[in-house]
Amino acid sequence: MNTAKILVVDDDPGLRRLLSMRLESAGYHVDCVASAEEALAQLPVLRSHAVITDLCMEGMNGLDLFAAIHERNPCLPVIMLTAHGTIPDAVAATSQGVFGFLTKPFDSKQLLELVGQATALSGSMVDVDEQGEKSDWRSDIITRSSVMEELLSQAHMIANSDVSVFIHGQSGTGKEMLASAIHRASPRADMPFVAVNCSAIPEQLLESELFGHRKGAFTGASHDHQGLFQAADGGTLFLDEIGDMPPAFQSKLLRVLQERLVRPVGSVESIAIDVRLISATHRDLDKATQEGEFREDLYYRLNVVALEIPTLAERREDISLLANHFLQLLSAKNNKNIKSIAPEAMELLLQAPWPGNVRQLYNVIEQTVVLVTSNVIPAKLVQRALRSKAKEIIPFAEARQSFERNYLTKLLRMTNGNVAQAARLAQRNRTEFYKLLNKYHLAPALFKKS
């Protein structure tokens, strides 16, 4: 059965019902909203695989909705509904990235064909089955975060191609796990997945480890050694922390990627290799290339498609999910019968800053499992494992006041204290704007240039 989820956006209730009936009869799960604003609010929760929106609506129109969706999730297909009089606008929209358009009254066959193409593009058919169980390719990734779901949707889309993928993310976010998921979703899934941390290999051994060597090539080379490129032949090679690769070796790697040939150390013959390369780093390689620390041509060769993996702090809704998952694994590993994490302890986990990301969370749960003497993890043990005071989440009212104060300050700095100009930028009348300035004791004269 079709498991794709379609979001229908239209201010005409009759058309919403008709679209819903046609799509549900074809097996799709359909969510309907009456405005673009409502669609943007619900998309992170609904995790739709395609959006059908009317072009002309009250408030935000279909093109504005598409632009907002495209900015948040450029891989989500958007289909535009249009009347005959606005067909030129819809055609122009396709050049901006809109997946397709249908004229009203729409043809049901054309609707289902277009939706089928859109959901196939987004990889929806293999993401989740009817029981909500994750497909094998992403089974190791535990998440309910909309940010992670969007990332996985993009990862699944690029898995079927053979382009090089560059993953950027902080240490401990799970870059190798994402690379492995891409490999399992690719046509190379039955071939080897080989992962190597470039920063863990001494510079003098890096060429031998990646390209191999022949017996007698150097002192200690007592036998032929197959390099990791050959070990991954037909499959995927994941080079982690590639930003730490020595400059002298970068040109050699670039040549291998260009020629698809490796030459083992001490050999006069090159060996053809068929490898899909995924690389990752926690460093800012844009900055490194500008400063001459990383070859620009190699960076572009590696960075054909870029994925940004979020920090744990950016996916806090996953903390309790991951913590309980790790608790089950580690409880069984240590032959303990630990049933849960105390509510106070979970609050500490939810509020912690997590500079070490998912790896740090795993270590915290592991330490508490080893030390706990009851079947519930207490807050005291979590506090001890965190080794620092948990970061408090400030109240909503305080957060709003902080935002408003900073926003007003920024506007006054931009306009050099010109209240009329600042009020126009904020789309507020001057009287209301002055009231906000008085509320936060902000004097425009302080921002005027002397």
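Residues numbered from 1 in each chain as written. Predicted model: local features only at pLDDT ≥ 70, side-chain atom pairs only at ≥ 80, totals over all residues. Heavy atoms only, no water.

Let us now look at the packing of helix α17 (residues 396-414) against helix α19 (residues 430-439). Contact pair α17 / α19: the axes reach a minimum separation of 10 Å and the direction vectors enclose 115°. Crossing handedness for the pair α17 and α19: left-handed. Between α17 and α19, the residues in contact are Glu-404, Leu-408, Leu-411 and Leu-412 and Phe-433, Leu-436, Leu-437 and Lys-439, respectively. Residue composition of the contact of α17 with α19, by class: six nonpolar, no polar and two charged. (Axes fitted to C-alpha atoms, helices over the stretch in contact; angles between N-to-C directions. Helix = DSSP H or I, 4+ residues; strand = E, 2+ residues; numbered from the N terminus. Left-handed = near helix turned anticlockwise from the far one by under 90°. Contact = heavy atoms within 4.5 Å. Nonpolar A, V, L, I, M, F, W, Y, C, P; charged D, E, K, R; others polar.)

All right, on to the sheet that holds strand β4 (residues 78-82) then. Reading across from one edge, β2-β1-β3-β4-β5 is the order of the five strands in this open sheet, with parallel pairing throughout. Where the open sheet ends on each side, the last strands, each with one partner, are β2 (29-33) and β5 (100-103). Strand-to-strand twist of the sheet, defined as the mean angle between neighbouring strand axes without regard to direction, takes the value 20°. In the sheet, β4 pairs with β5 via four bridges, with the strands oriented parallel. Bridge assignment links Thr-82 to a residue of β5, and that residue is Thr-103. Packing against the sheet, helix α1 (residues 13-25) makes contact with β1 (5-9), β2, β3 (50-54) and β4, and its axis sits at approximately 170° to β2. (Pairing = 2+ DSSP bridges.)

Turning our attention to the sheet that holds strand β7 (residues 193-197). Strand order in the open sheet formed by five strands is β7-β10-β13-β6-β14, and the pairing between neighbours is parallel. Of all strands in the sheet, those with a lone pairing partner are β7 and β14 (305-308), marking the two edges. Between one strand axis and the next, the sheet turns by 20° as a mean value, whatever way the strands run. Of the strand pairs in this sheet, β7 and strand β10 (residues 236-240) are connected by five bridges, and their pairing is parallel. In the sheet register, Asn-197 faces β10, and the bridge partner there is Asp-240.

The next point concerns helix α13 (residues 319-333). Between the first and last C-alpha of α13 there are 21 Å, a value that for 15 residues agrees with the 21 Å anticipated at 1.5 Å per step. Contacts made by the buried residues of α13 are with β15 (340-341), α14 (343-351), α15 (357-371) and β16 (376-377). Just beyond α13, the residue with positive phi is Asn-335, at close to 55°. (Expected span 1.5 Å × (residues − 1).)

Under the counting rule described, the total for this entry stands at 13 salt bridges. In this structure, Glu-366 engages Lys-333 in a salt bridge whose closest nitrogen and oxygen atoms are separated by 4.0 Å. Of this pair, Glu-366 sits in helix α15 while Lys-333 sits in helix α13, and the two are 33 residues apart along the sequence. Among the ionic contacts, a cluster of salt bridges with common partners joins Asp-162, Arg-188 and Asp-274. (Salt bridge = Lys/Arg side-chain N within 4 Å of Asp/Glu carboxyl O.)

Moving on to the side chain of His-213. With respect to the secondary-structure elements, His-213 resides in strand β8 (residues 212-213). Of the polar contacts made by the side chain of His-213, one reaches the side chain of Ser-208; its length is 2.6 Å. (Polar contact = N/O pair within 3.5 Å; in protein donor to acceptor, adjacent residues only side chain to side chain.)

Along an α-helix, residues three or four apart share an orientation, since each turn contains 3.6 residues. Every buried residue belonging to helix α18 (residues 419-426) is among Val-419, Ala-422, Ala-423 and Ala-426, and all of these are buried. Projected down its long axis, α18 carries its buried residues within an arc of 100°, all on one side. On its buried side, α18 packs onto α17 and α19. Structurally, the start of α18 carries an N-cap: the backbone nitrogen of Ala-420 is 3.2 Å from a side-chain oxygen of Asn-418. A positive phi of about 55° marks Gln-427, the residue just after α18. (Buried < 20%, exposed > 50% of the residue type's maximum accessible area, 1.4 Å probe, protein only. Arc of directions from axis to C-beta.)

A cis geometry characterises the amide bond from Lys-104 onward to Pro-105, with omega recorded as 0°. Tracing the chain through its elements places Pro-105 in the loop between β5 and α5 (108-121). Its identity is not glycine, yet His-441 carries a phi of approximately 55°, on the positive side. Structurally, His-441 is set in the segment after α19.

Applying the stated criterion across every chain, the model contains seven aromatic pairs. For the pair Phe-326 and Tyr-362, a centre-to-centre distance of 5.1 Å together with 80° between the ring planes defines the contact as edge-to-face. Placement of Phe-326 in helix α13 and of Tyr-362 in helix α15 is noted, with a sequence separation of 36 residues between them. Given the relative accessible area of 9%, Phe-326 is considered buried. Since its relative accessible area comes to 27%, Tyr-362 is described here as partly exposed. On the numbers, 5.8 Å between centres and 20° between planes, the contact of Phe-403 with Tyr-407 is stacked. Pair noted here: Phe-403 and Tyr-407 are both in helix α17, with a separation of four residues, about one helical turn. (Phe/Tyr/Trp six-rings, centres within 6.5 Å; stacked < 30°, edge-to-face > 60°.)

Membership of the largest hydrophobic core comes to 30 residues, with the highest contact counts inside it found for Leu-210, Phe-229, Leu-237, Leu-239, Ile-242 and Leu-253. Here Leu-237 is in contact with Val-194, Val-196, Leu-228, Phe-229, Ala-232, Val-275, Arg-276, Leu-277 and Ile-278, once residues within four sequence places are set aside. In this structure, Leu-330, Ile-338, Leu-348 and Leu-349 belong to the second largest nonpolar core, which totals 27 residues. (Core = buried A, V, L, I, M, F, W, Y, C linked by side-chain atoms within 4.5 Å.)

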